Structure formats: structure tokens, C-alpha cells
Amino acid sequence: MPPPSLVVAIDGPTASGKGTLARRLARHLGFAHLDSGLLYRAVGLGLLRVGKDPADRAAAAEMARSLDPSGLADPELRSERTGHAASVVAAVPEVRGALLDFQRRFAASPPGGARGVVIDGRDIGTVVCPTADAKIFLDAGVEQRAARREKELRQRGAAIIEGAVLRDLQERDARDRNRAVAPLVRAGDAFVLDTTDMDADQAFREALAYIGSRGFGGPGGPAAEM
Ligand code: C5P
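Read on for a plain summary of the structure. Note that this is a predicted model, so its numbers are computed, not measured.

Quick look at the sheet that holds strand E2 (residues 32–35)
Strand order across the open sheet formed by 5 strands is E2-E3-E1-E4-E5, with parallel pairing between neighbours. At either margin of the open sheet sits one strand with a lone partner, and together these are E2 and strand E5 (191–194). Taking the axes of each pair of neighbouring strands and ignoring which way they run, one obtains an average angle of 20 degrees across the sheet. In terms of strand pairing, strand E1 (residues 6–11) meets strand E4 (residues 134–139) through 4 bridges, oriented parallel. Bridge assignment links Ile10 to a residue of E4, and that residue is Ile136. Along the sheet face, helix H9 (residues 200–213) touches E1, E4 and E5 and points at about 155 degrees away from the line of E4.

Focus on the environment of Arg149
Tracing the backbone shows Arg149 in helix H7 (residues 142–155). Taking the C-alpha atoms as reference points, Arg149 and Asp139, separated by 10 residues in sequence, lie 14 Å from one another. The contacts of Arg149, once residues within four sequence positions are left out, are Thr14, Ala15, Glu80, Val165 and Arg172.

Here we look at the site of the ligand
Near the ligand lie 16 residues; those nearest to it are Arg41, Arg96, Arg122, Asp176 and Arg179. Within the contact set of the ligand, a nitrogen atom lies 2.9 Å away from a side-chain nitrogen or oxygen of Ser36. Contact with the protein chains hides 96% of the accessible area of the ligand, taken as 460 Å² for the molecule alone. Of all the elements in the fold, those that place two or more residues in the shell around the ligand are helix H2 (37–49), helix H4 (80–89) and helix H8 (164–178). Residue contributions to the shell around the ligand peak at 3 residues, all from H2. A breakdown of the residues in the shell around the ligand according to their chemical character gives 4 nonpolar, 4 polar and 8 charged.

Details of the packing of H2 against helix H5 (residues 93–108)
One can describe the packing of H2 onto H5 by two numbers: an axis separation of 10 Å at closest approach and a directional angle of 135 degrees. Accordingly, the angle class assigned to the pair H2 and H5 is oblique. Pair H2 / H5 crosses with right-handed handedness. Note on element contacts: H5 touches H2 through Val95, Arg96, Leu99, Phe102 and Gln103, opposite Leu39, Tyr40 and Val43.

Thresholds applied
- Residues numbered from 1 in each chain as written.
- Predicted model: local features only at pLDDT ≥ 70, side-chain atom pairs only at ≥ 80, totals over all residues.
- Heavy atoms only, no water.
- Pairing = 2+ DSSP bridges.
- Helix = DSSP H or I, 4+ residues; strand = E, 2+ residues; numbered from the N terminus.
- Axes fitted to C-alpha atoms, helices over the stretch in contact; angles between N-to-C directions.
- Contact = heavy atoms within 4.5 Å.
- Near = heavy atom within 4 Å.
- Polar contact = N/O pair within 3.5 Å; in protein donor to acceptor, adjacent residues only side chain to side chain.
- Areas by Shrake-Rupley, 256 points an atom, 1.4 Å probe, with all protein chains shown as cover.
- Nonpolar A, V, L, I, M, F, W, Y, C, P; charged D, E, K, R; others polar.
- Parallel < 35°, antiparallel > 145°, perpendicular 65-115°, else oblique.
- Left-handed = near helix turned anticlockwise from the far one by under 90°.

As C-alpha cells, this is what we get:
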């Protein structure tokens, strides 16, 4: 039997920099990476594409149960419209249940035979992998997160409506923090990394130092990404 895979769980609110940090850590450690938000986004986008309302709970649950992970590279998954739909379907318990198995299988058997995984999301350290080897709760002030998201959108050539990004973040934060099932909360044993006044390099160094303190911060070989 191979040794159990090492799990790094990264949770935090929208636009806190989880994705950037998770990808970089995974590359450094030679671990596989799963952006769990993509799974919720795929459910939301699937509904929008067939003209269904993301708030239709039965349709959302059905979409989650029949999710095809090979579609997770679709660029439309990253749009703001899809992110909004994702946060609506993410409040449906049946959707979360259907996606839980996929995430746990990924953690237990990383693709490509990697020795570990980095998974980022909202409930990875609390619900999906409560026994993760390292847990990071990434945070940053909402104004700072909105400014970062606006910059990213501008770089992608998207039109920005004054104040809309901030309002949308506040709305999504509220929905993620207040939902009844698996709300966004910091795991009691998570390392809190507040990046309000940090750049991506500093956040990476701090995260790596913490992971090193958990006993496995050394670099590894190339690994899969999703
Ligand atoms: O992280 P990202 O913005 O891609 O996530 C989109 C939405 O999916 C979030 O607003 C959240 O509602 C939901 N999500 C979740 N649990 C996760 C990952 C994402 O509820 N583990």
C-alpha cells in the first residue's frame, strides 16, 4: 500500500488569492492541485447553459450528480456571471454532497501518482479534509480583494462598473458565510494568513514556512493540476 497522500487545505473568501497560492505551492511541492470552486462553477455554468435558474435546487443537484470533470478547463468557468451562479448552487446541500465524494477521492488518490494534494475552497479544512496535514485560512480586507479582482478583470479586458465588483464580493461573502451547510469559517487549527498588506511572493513564503513547520515543505517533482 502506498503511504496516505499529504493534504494541504487552503480556504478563504472570494478573491483572497487562494488560487494563486495553491497553484504555486502545488508546483513547488510536486503535489496535484484541485481548485474546488471550479466544481461549483461547473454546476452553475451547466445550469445557465441549459437556461435553468441556479436557484432551482432540484436541477442544481441533478447537474452536480452528473458533473463531467473533463469540462473544468472551460474559460467561461472563470467569468463573474458563473462565479455568482456557483455561489447560489453552493448553498444547496445535495450539490455539496455530490461534489464531496469527488473531492475526497482526489485527496486520497492524487492524479499522476503525486505524493500529495493542495485543494483550495471554502470548506476544505473544515468539511472535505478535516484531518488535512496543513490548513491555511487565507484572508484579506474586502476593499483590497475588490481592488485585486478589478485589476485582474481589467487585464482580461472586461468592462468594470464602478463599485460593482466590491458589491458582488460583499454579496458572495455574505452568502458563503451565512449558508446553513458548510459555511465559510476558519478551521480552529488553521494557520491564518492575512494578505491585506502582502504581495503574492510574501504570501507564498509565509505559507511555505508554515508548511515546513508541519514537516513537509521540501520541493517535489511535477504534478497534475485541475
Ligand atoms: O473560489 P471560487 O470563487 O471559484 O468559488 C465559487 C463559489 O463556489 C464560491 O463563491 C462558493 O460559494 C463556492 N464554493 C464553495 N465551497 C468550495 C469552493 C467554492 O462553496 N469548497
